[in-house]
Amino acid sequence: MSQFWKPGSEKPRLLDDEEGGVLFYSASASSSSGFGYSNIEKQRQRLPVYKYRTAILYLVETHATTIIVGETGSGKTTQIPQYLKEAGWADGGRVIACTQPRRLAVQAVASRVAEEMGVKLGEEVGYTIRFEDLSKTGVTMVKFLTDGVLLREMMDDPLLTKYSVIMVDEAHERSLSTDILLGLLKKIQRRRPELRLIISSATIEAKSMSTFFQTRKRRGLEGEESGPRTDPAILSVEGRGFNVQIHHIEEPVPDYLQAAVSTVLSIHEQEPMGDILVFLTGENDIDAAVQLLNEEAQNNGKHSSGLVVLPLYSGLSRADQDLVFSPTPRGKRKVVISTNIAETSLTLEGIVYVVDSGFSKQRFYNPISDIENLVVAPISKASARQRAGRAGRVRPGKCYRLYTEEYFVNEMSAHAIPEMQRSNLVSCVIQLKALGIDNILGFDWPASPSPEAMIRALEVLYSLGVLDDDAKLTSPLGFQVAEIPLDPMISKTILSSNQLGCSEEIITIAAILSVQSIWVSARGAQRELDEAKMRFAAAEGDHVTYLSVYKGFIQSGKSSQWCYKNFINYHAMKKVIEIREQLRRIAQRLGIVLKSCERDMEVVRKAVTAGFFANACCLEAHSQGGMYKTIRSAQEVYIHPSSVLFRVNPKWIIYNSLVSTDRQYMRNVISIDPSWLMEAAPHFYRQQRNPIAS
DNA sequence: GAGCACTGC
């Protein structure tokens with residue numbers, strides 16, 4: 001290990017020290033052929049990041065913030081934490097943290113690193129994700145965690161004092177929690193000059209990250225410089241993917257679905273073997289494409305026999321998702337038709353051809369109407385590159401873009417809009433408030449959300465009684481709501497259930513509303529699913545229906561057979577049990593008495609009203625087709641066809657969430673008595689034009 | 001008559 005740079009020794013050779021304090025290190029490869037090294041050690045040294053080891057350690061030692069730009073396959077995620085540990089950053093009981101946006105990545109990376117270090121996972125190398133903490137205080141030196149978990153840790157330890165280095169990986173994805181974390185870490189740095197940050201990103205967004213972390217130089221006593229340089233260093237590490245040949249379409253296509261299908265067929269006819277990955281936007285598109293390809297296979301056997309066509313999206317059951325990972329039978333070609341899930345969350349091996357529609361479904365938030373919309377929108381250049389890269393994992397590949405090169409160059413934006421600027425900010429604002437950040441409007445974000453969105457979030461929290469007139473967290477309600485890892489409206493519902501004596505029921509409902517859907521995706525068995533649903537249906541609405549499902553599941557002994565018979569998603573129910581258990585623990589800690597209301601569903605509906613009064617709607621008296629209007633803003637909305645109240649249309653209802661397609665659909669609705677609204681939120685409904693009287 | 005993807009004490 002002596003060839004590696006250690007803190008305090010002479011600095012390594014740096015080729016370029018550009019203005020603005022940006023350092024580029026151009027490494028000359030110096031990997032000693034490792035006679036006597038174990039296999040793992042040799043593998044580690046073959047990773048592209050290895051030859052930057054010395055440079056990385058030097059930059060981290062001398063700069064408060066280091067930005068590492070590295071493509072996939074560079075090895076940065078698994079290696080850098082180990083380099084830091086080898087250089088002594090975990091000495092003296094300190095911990096090196098590495099965050100990921102996704103739990104699966106946390107687990108995978110942690111177990112790989114534990115293996116490379118030859119230690120048992122959960123000891124020197126550990127990880128923490130929601131529901132699972134495989135780390136030991138005083139023992140774990142390298143800890144992987146989701147950025148959301150690190151944010152939660154800040155509630156107990158705002159300066160994150162146990163960490164010596166925090167590496168924020170996949171920062172280019174700009175997820176909500178990554179951005180909040182980056183903003184807070186910048187603040188922490190001012191109080192903890194000895195803390196080191198590594199921001200790791202796949203793209204050259206490095207420059208804007210660098211500007212964000214640029215701070216004024218701190219001066220010690222008598223003008224002496226103290227501590228590390230405050231200007232961020234940038235280092236770029238090459239990846240190790242194979243070359244992917246990009247083909248753009250010559251003329252814009254009128255129908256990307258049709259174009260995707262014919263592109264798949266011509267690849268199959270003309271190109272050598274290798275699996276195909278097609279990016280479309282959603283379940284509908286994907287099922288249609290699968291069907292078209294299968295029809296083609298029947299009608300026109302000679303061209304498309306030998307194709308195994310598989311859909312991939314998150315709504316599929318686990319078993320159906322796993323099909324895409326099964327090896328392709330000999331002489332067959334696998335075609336996976338996928339949503340964005342295959343862009344970052346899942347990695348398919350063996351893909352040689354990618355067909356990119358150029359679109360994905362994206363969330364947009366309108367703070368004026370307070371509605372989040374899901375719309376099909378063009379992807380960014382960064383996203384297009386990421387999709388193309390999926391073709392070059394095993395050998396050189398090809399990517400067929402269903403849009404013109406001119407369009408790519410001139411029309412596509414470089415990066416997607418950060419989630420922060422496309423989301424409802426209630427959870428985000430309450431988290432910052434809980435961390436003692438009072439001036440939300442003045443907070444230094446990597447990408448500032450619109451003032452309208454922040455003001456709307458403050459208004460919602462104020463109406464919930466979570467913030468007071470000075471926009472400070474109320475006590476105890478505000479602090480309790482902040483403790484619960486759910487949307488503040490559902491947290492408020494849980495807290496209200498305490499007085500109403502139905503906390504057991506509400507916690508169950510909260511857990512079920514946290515998973516995507518407890519029903520299996522219909523996929524051709526729509527009638528059977530609807531019939532199964534009707535067996536549980538309650539006149540009060542979906543929330544109460546869920547209580548019967550949960551009861552049935554428990555009575556069956558949590559049986560997967562029972563789930564199968566009733567069109568219930570077994571994996572979703574297991575997740576419900578997990579979330580419910582967590583909520584129970586938190587509720588108990590907050591002093592909520594766990595109590596069941598037995599058959600009295602009126603208190604359950606009242607509790608929901610206490611949290612979701614802002615989502616109250618009234619059926620339009622003379623409308624055809626079940627049109628409702630929201631009381632708050634007279635927005636036109638409809639009950640979603642998946643609801644048990646679809647076509648039942650009670651006069652007064654409250655919805656849990658809206659999904660917007662051609663119409664605004666209310667998902668998960670419950671009937672209420674309008675007089676409860678004034679009880680639950682007199683301040684909210686006092687000034688409104690009073691339709692309740694009519 | 002219909003559902004992008006993640007995540008959290």
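Per an unreviewed UniProt entry, chain A is named RNA helicase, and its organism is Vitis vinifera. Here is the UniProt Catalytic activity (unreviewed entry) comment for chain A, exactly as written: "ATP + H2O = ADP + phosphate + H(+)".

A. Layout of the overall build of chain A. Helix and strand content of chain A: 26 helices and 23 strands. Scaling as 2.2 N^0.38, a compact globule of 694 residues should have a C-alpha radius of gyration of about 26 Å, and chain A matches this with 27 Å. With respect to the three principal axes, the spread of C-alpha positions in chain A is 80 × 75 × 50 Å. In chain A, which comprises 694 residues, the share counted as buried stands at 52%. Sequence separation of 24 or more characterises 71% of the internal contacts of chain A that already satisfy a separation of 6 or more. Accessible area of chain A: about 31,800 Å², with a carbon and sulfur share of 49%. Counting 80 positive and 79 negative side-chain charges, chain A places the averaged centre of each group 3 Å from the other.

B. Summary view of the domain arrangement of chain A. Annotation of chain A at the domain level lists domain 1 (16–237), domain 2 (244–417), domain 3 (420–481) and domain 4 (484–693). Counting from both sides, the interface comprises 14 residues of domain 1 and, opposite them, 13 residues of domain 3. A buried area of about 1,300 Å², summed over both sides, lies between domain 1 and domain 3, and 74% of it is on carbon and sulfur atoms. Inspection of the domain 1/domain 3 interface yields 1 salt bridge. Of the charged contacts in the structure, one is a salt bridge between D444 and K186, with a shortest N-O distance of 2.6 Å. Applying the counting rule to domain 1 against domain 3 returns 1 residue pair in polar contact (both at pLDDT 80 or more). Breaking the side of domain 1 that touches domain 3 down by element, the ones donating at least two residues are α5 (147–156) and α6 (176–191). The element that contributes the greatest number of residues to the side of domain 1 that touches domain 3 is α6, accounting for 8 residues. Its residues assigned to classes, the side of domain 1 that touches domain 3 shows 8 nonpolar, 1 polar and 5 charged.

C. Spotlight on the pattern of salt bridges. Evaluated as defined, the whole model comprises 30 salt bridges. Of the charged contacts in the structure, one is a salt bridge between E41 and R44, with a shortest N-O distance of 3.9 Å. Of this pair, E41 and R44 both sit in helix α1 (residues 39–46), separated by 3 residues, roughly a single helical turn. Its relative accessible area of 16% is what places E41 among the buried residues. R580 is the salt-bridge partner of E504, the closest N and O atoms lying 2.7 Å from each other. With E504 in helix α19 (residues 503–514) and R580 in helix α23 (residues 570–589), this residue pair connects regions lying 76 residues apart in the sequence. The class of E504 is partly exposed, set by a relative accessible area of 22%. Look at R580 and you get buried, because its relative accessible area is 9%.

D. Broad picture of the packing of aromatic side chains. Tallied over the entire structure, the rule returns 8 aromatic pairs. With a centroid separation of 6.2 Å and an interplanar angle of 50 degrees, the aromatic rings of F553 and W562 are classed as tilted. In terms of burial, F553 and W562 fall into one category: buried. Their ring planes at 65 degrees and their centres at 6.4 Å tell us that F553 and Y570 sit as a pair that is edge-to-face. You can see F553 sitting in helix α21 (residues 542–555) and its partner Y570 sitting in helix α23, a full 17 residues away along the chain. Ring pairs connect the aromatic residues W519, F536, F553, W562 and Y570, which therefore count as one cluster.

Conventions adopted
Residues numbered from 1 in each chain as written. Chains lettered and ligands numbered in written order. Predicted model: local features only at pLDDT ≥ 70, side-chain atom pairs only at ≥ 80, totals over all residues. Heavy atoms only, no water. UniProt positions renumbered as here; feature names shortened; annotations may be inferred. Helix = DSSP H or I, 4+ residues; strand = E, 2+ residues; numbered from the N terminus. Rg over C-alpha atoms; globule rule 2.2 N^0.38 Å. Buried < 20%, exposed > 50% of the residue type's maximum accessible area, 1.4 Å probe, protein only. Contact = heavy atoms within 4.5 Å. Areas by Shrake-Rupley, 256 points an atom, 1.4 Å probe, with all protein chains shown as cover. Lys, Arg positive; Asp, Glu negative; His and termini not counted. Charge placed at Lys NZ, Arg CZ, Asp CG, Glu CD. Domains from an automatic or database assignment. Buried area = accessible area lost by both parts, 1.4 Å probe. Salt bridge = Lys/Arg side-chain N within 4 Å of Asp/Glu carboxyl O. Polar contact = N/O pair within 3.5 Å; in protein donor to acceptor, adjacent residues only side chain to side chain. Nonpolar A, V, L, I, M, F, W, Y, C, P; charged D, E, K, R; others polar. Phe/Tyr/Trp six-rings, centres within 6.5 Å; stacked < 30°, edge-to-face > 60°.

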